[in-house]
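A look at the structure
The primary structure of each chain is shown beneath.
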Amino acid sequence: MTVVEETEDKVVIFFDIDNTLYSKGAGVHDLMQEYIHRYFVTHLDLDDESAEQLHQHYYRDFGLALEGLVRFHQVDALEYNKEVDDALPLPDILKRDQRLRDLLQSFDSSKVEKLWLFTNAYKTHGKRVVRLLGIDDLFAGITYCDYSQRPLLCKPMKPVFDRALKEAGVTDPSKCVFVDDSALNIKAAKNLGWGTTVLFAEEGIPENPVGDFQIQSLHELPNILPHLFKA
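Residues numbered from 1 in each chain as written. Predicted model: local features only at pLDDT ≥ 70, side-chain atom pairs only at ≥ 80, totals over all residues. Heavy atoms only, no water.

With that out of the way, let us pick up the domain arrangement of the protein. Per the domain assignment, the segments making up the protein are domain 1 (11-23 + 94-228) and domain 2 (28-91). Domain 1 and domain 2 are separated by 23 Å when their C-alpha centres are compared. Taken together, the contact pairs 22 residues of domain 1 with 21 residues of domain 2. Surface buried jointly by domain 1 and domain 2 totals about 1,800 Å² across both partners, of which 59% is contributed by carbon and sulfur atoms. At the surface where domain 1 touches domain 2, the tally comes to zero salt bridges. The interface formed by domain 1 and domain 2 includes six residue pairs in polar contact (both at pLDDT 80 or more). The dominant element in the side of domain 1 that touches domain 2, judged by the number of residues it contributes, is helix α6 (residues 123-133), at five residues. In the side of domain 1 that touches domain 2, the residues fall into 13 nonpolar, five polar and four charged. (Domains from an automatic or database assignment. Contact = heavy atoms within 4.5 Å. Buried area = accessible area lost by both parts, 1.4 Å probe. Salt bridge = Lys/Arg side-chain N within 4 Å of Asp/Glu carboxyl O. Polar contact = N/O pair within 3.5 Å; in protein donor to acceptor, adjacent residues only side chain to side chain. Helix = DSSP H or I, 4+ residues; strand = E, 2+ residues; numbered from the N terminus. Nonpolar A, V, L, I, M, F, W, Y, C, P; charged D, E, K, R; others polar.)

Here it is as structure tokens:
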């Protein structure tokens, strides 16, 4: 991936993909949980209850259930991806979102250097989602969890945030805006000195604030970051 030099005084906005660029209510999340559960049951030979407990345990500990599967069960992450993420019938669920496209195009280019995708999914899934939403051409690049590498690195691990900065051509993390639906990831970014963190909390704002802002819709971004949008 080509690394582009950052432009002085402009920010780079990093967006998570799943359950952030589209609503959790679309059903992708629930369907993905079903596929992951099925994988735990069939490949680890577990009953439903044990599979669910282990799935949630790995998600809580690592931020990604796949990390536990790779670490403790020597699962081939690329094969997992074929059976879970890439197997999802996304064209039946996700459609072009013109309102989201209009929002992303309303950033002020004199203030925003670029938009960047930052996901724990593999590249095939991430690119498929933004293509179906009709916004793939608005992002300069993508930092993803590389399922072909060992150890498997994903948010909220520091090396992944460092890689995102490098790939996006950012040398000063304080010039970053980070939008994600995971409190763990938002906390990690804040601890690493990323400039502005926005928790996408569609199902309800947490009682204890996480990050700089908490929103329930991406369309609140012009309200909390008005200086980054066209007048």
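Structure shown, so let's carry the discussion forward.
This next bit is on the nonpolar core. Among the nonpolar cores identified, the biggest contains 61 residues, and F15, L21, L66, F107 and L218 are the most heavily contacted of them. Counting contributing residues, this core receives three or more from each of domain 1 (11-23 + 94-228) and domain 2 (28-91). Excluding residues that lie within four positions of it along the chain, L21 makes contacts with F15, D16, L100, L117, V130, L133, I135, F139 and L218. F161, A168, A188 and V210 belong to the second-largest nonpolar core, a separate cluster that totals 19 residues. (Core = buried A, V, L, I, M, F, W, Y, C linked by side-chain atoms within 4.5 Å. Buried < 20%, exposed > 50% of the residue type's maximum accessible area, 1.4 Å probe, protein only.)

Remark: helix α1 (residues 28-44) packs on helix α2 (residues 48-62), axes separated minimally by 9 Å, with the N-to-C direction vectors making an angle of 115°. Two packed elements cross with a definite hand, and for α1 against α2 that hand is right-handed. Along the contact surface, α1 presents Q33, I36, H37, F40, V41 and L44, while α2 presents D48, A51, E52, L54, H55, Q56 and Y58. Of the residues in the contact of α1 with α2, the class split is seven nonpolar, four polar and two charged. (Axes fitted to C-alpha atoms, helices over the stretch in contact; angles between N-to-C directions. Left-handed = near helix turned anticlockwise from the far one by under 90°.)

Cis geometry marks the peptide bond from R150 to P151; its omega dihedral reads -5°. By the element assignment, P151 lies in the loop between β3 (141-143) and α7 (158-168). A cis geometry characterises the amide bond from K155 onward to P156, with omega recorded as 15°. Within the secondary structure, P156 sits in the loop between β3 and α7. At N19, a position not held by glycine, the phi torsion is positive, near 60°. Position of N19 relative to the elements: it lies in the loop between β1 (11-15) and α1.

With that out of the way, let us pick up the confidence of the model for the protein. When pLDDT is averaged along the protein, the result is 94; 97% of the residues meet or exceed 70. Segment residues 1-7: pLDDT under 50, and 19 contacts once partners within four positions in sequence are set aside and those in other chains are kept. (pLDDT = per-residue confidence, 0-100.)

Throughout the structure, instances matching the rule amount to 17 aromatic pairs. Here the aromatic rings of Y58 and F72 are separated by 5.8 Å at their centres, their planes lie at 20°, and the arrangement is stacked. Separated by 14 residues along the polypeptide, Y58 in helix α2 and F72 in helix α3 (residues 65-73) bring together distant segments of the chain. Residue classification places F72 among the partly exposed residues on the basis of a relative accessible area of 45%. Their ring planes at 45° and their centres at 5.7 Å tell us that F118 and F178 sit as a pair that is tilted. (Phe/Tyr/Trp six-rings, centres within 6.5 Å; stacked < 30°, edge-to-face > 60°.)

Spanning 15 residues, α2 covers 21 Å between terminal C-alpha atoms, matching the ideal 21 Å at 1.5 Å per step. Buried-residue contacts for α2 involve α1 and α3. You can read the cap of α2 off the contacts: a side-chain oxygen lies 3.1 Å from the backbone nitrogen of E49, and it is on D47. Positioned one or two residues after α2, G63 has a phi angle of 80°, which is positive. (Expected span 1.5 Å × (residues − 1).)

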